[in-house]
Amino acid sequence: MDTIKETKALRTPPRAVLGYAAKAAGLELEPFTYDPPKLEEHDVRVSVTHCGVCYSDIHAIDDYFGITTYPFVPGHEIVGYVSDVGTAVTGLKKGTRVGIGWQGRSCMRCEWCLQGEEHLCRDVVKNGIWTPYGGFSTSVVVDDRFAHPLPDAMPSEHAAVLLCAGIAVYSPLRSHAAGPSQKVGVIGVGGLGHLAIQFAHALGCEVTAISSSPGKKEEALALGADHFIVAGDQATVRQLKFSFDLLLYTAHSETDWTSLLLTLRNKGTLAMIGFSPVPVAFEPLDLVVHQQSITGSFIGSRAAMREMLSFAQARGIKPKIELMPMTQVNEAIRRVKEKRARYRIVLVNDTAGQA
């Protein structure tokens, strides 16, 4: 079925684009038809077959970041086929299956772009694939340098999630040299956390899953965690004092930061990937005396993205997903908001060719 839909999306690209847009902050998405954006010289048009639902889409719908313009078409975990190419495009051709994450372009001129860290580009607000419209649609336009050819054997629905959640957790693990000698704690077993456990395990780390949901223990262990602790169990958390080299915060919920930071070893690092709803609190004395660090991690470079896709394919790392038709996008969003997704929802484009 998916192959038929993918072929149909490629064979009959619509003259107009059909997307699903929020007309104002917090509203449900509505069908929204718009003219296909003009291709610049480095752009490709991609007929969308699959798009994951990320909590950042919900944040953007609600204008959590303070940058959303309406009507707003979300969607940034995109897989599809190149249907048209700009005049300067050389590495991609019509029919190539590609994946697109949050970043759809960069200035390619600032200090960060010039040193291969395009995800830190100064034009970050303008760089999202959401500009002008995102992947909850029949097609998108992206700079070809941010359209990543996918491993042939990787299912499109798996690739979609890896393009955002996968790179988000892989990048800090690589940045902090996670490996066999490291003990890694993963805070949150959800869309990000269930992949972080798999990547850390594949890198040879000793992995502890930390979750507020005791019912996730067996699944976390099956994903590769060596240990599981309940976040609210203060007695167990105290026993882990000075245990972790690296803590990955992958959740979107309140956390007892002071207790968790006590589990870091000397020179340990807390890497923030998820967005905490409350400020991070810590004891400055401990941070100084133990030379600990708190850092953020934002997606990853183009090179890191392609390395991650190759690593995931080689090590059999797969997201746990639910497939839903794109016409049910609002129900998918509700499931994510209510924490009922296990662990990521991917929309299959059943609207291709309708506009």
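## Some details on the nonpolar core
Counting residues in each nonpolar core, the largest one holds 87 residues, and the members touching the most others are Phe136, Leu173, Ile197, Phe199 and Leu347. Per-element tally for this core: the top contributor is helix α5 (residues 156–175), with 11 residues. Each residue touching Ile197, except ones within four places of it in the same chain, is listed here: Val186, Val189, Val207, Ala209, Ala220, Leu223, Gly224 and Ala225. The next biggest cluster of nonpolar side chains, apart from the first, holds 15 residues, and it includes Phe244, Tyr249, Leu261 and Leu270.

## Notes on the packing of aromatic side chains
Across all of its chains, the model carries 13 aromatic pairs by this definition. Note on Phe65 and Phe275: the rings are 5.6 Å apart at their centroids and 65 degrees apart in plane angle, and the pair reads as edge-to-face. Taken together, the residues span a long stretch of sequence, with Phe65 in the loop between α2 (55–61) and β4 (78–85) and Phe275 in the loop between β12 (264–272) and α10 (284–289) at a distance of 210 residues. By relative accessible area, Phe65 is classed as partly exposed at 29%. By the ring-pair criterion, three or more aromatic residues cluster together here, those being Phe72, Trp102, Trp130 and Phe298. Positioned over the ring face of Phe146 is Arg302, at 5.6 Å from the centre of the ring.

## Quick notes on a nonpolar patch on the surface
On the surface, Ile67, Leu120, Val124, Val125 and Phe298 cluster together into a nonpolar patch covering about 370 Å² of accessible area. Locating Leu120 in the fold gives a position in the loop between α3 (111–114) and α4 (124–127).

## Examining the layout of surface pockets
Of the volumes computed, that of the second largest pocket is approximately 300 Å³. Forming the boundary of the second largest pocket are 18 residues, of which Glu40, Asp43, Arg105, Ser106 and Asp143 lie nearest the centre. Among the secondary structure elements, those contributing two or more residues to the lining of the second largest pocket are α4 and β6 (139–143). The residue inventory of the lining of the second largest pocket, partitioned by class, reads four nonpolar, four polar and 10 charged.

## Here's the deal with the pattern of salt bridges
If you walk through the whole model with that rule in mind, you get 13 salt bridges. When the shortest N-O distance is used, the salt bridge between Arg145 and Asp143 registers 2.8 Å. A relative accessible area of 7% places Asp143 in the buried class. Salt bridges here are not isolated pairs; linked through shared partners, they connect Glu28, Glu331, Arg334, Glu338 and Arg340.

## Examining the confidence of the model for the protein
Per-residue pLDDT for the protein has a mean of 93; in total, 95% of the residues score no lower than 70. Predicted confidence for residues 7–14 stays below pLDDT 50, and this span has 13 contacts to residues more than four positions away or in other chains.

Scoring rules and cut-offs
- Residues numbered from 1 in each chain as written.
- Predicted model: local features only at pLDDT ≥ 70, side-chain atom pairs only at ≥ 80, totals over all residues.
- Heavy atoms only, no water.
- Core = buried A, V, L, I, M, F, W, Y, C linked by side-chain atoms within 4.5 Å.
- Buried < 20%, exposed > 50% of the residue type's maximum accessible area, 1.4 Å probe, protein only.
- Helix = DSSP H or I, 4+ residues; strand = E, 2+ residues; numbered from the N terminus.
- Contact = heavy atoms within 4.5 Å.
- Phe/Tyr/Trp six-rings, centres within 6.5 Å; stacked < 30°, edge-to-face > 60°.
- Lys NZ or Arg CZ within 6 Å of the ring centre and 35° of its normal.
- Patch = residues over 30% accessible without salt bridge, like charges linked within 9 Å, V, L, I, M, F, W, Y side chains within 5 Å.
- Areas by Shrake-Rupley, 256 points an atom, 1.4 Å probe, with all protein chains shown as cover.
- Salt bridge = Lys/Arg side-chain N within 4 Å of Asp/Glu carboxyl O.
- 1 Å grid on protein atoms, 1.4 Å probe; cavity = no way out; pocket = protein on both sides within 12 Å on 5 of 7 lines; lining within 4 Å.
- Points joined across faces, edges and corners; volume = space filled by probe spheres on them.
- Nonpolar A, V, L, I, M, F, W, Y, C, P; charged D, E, K, R; others polar.
- pLDDT = per-residue confidence, 0-100.

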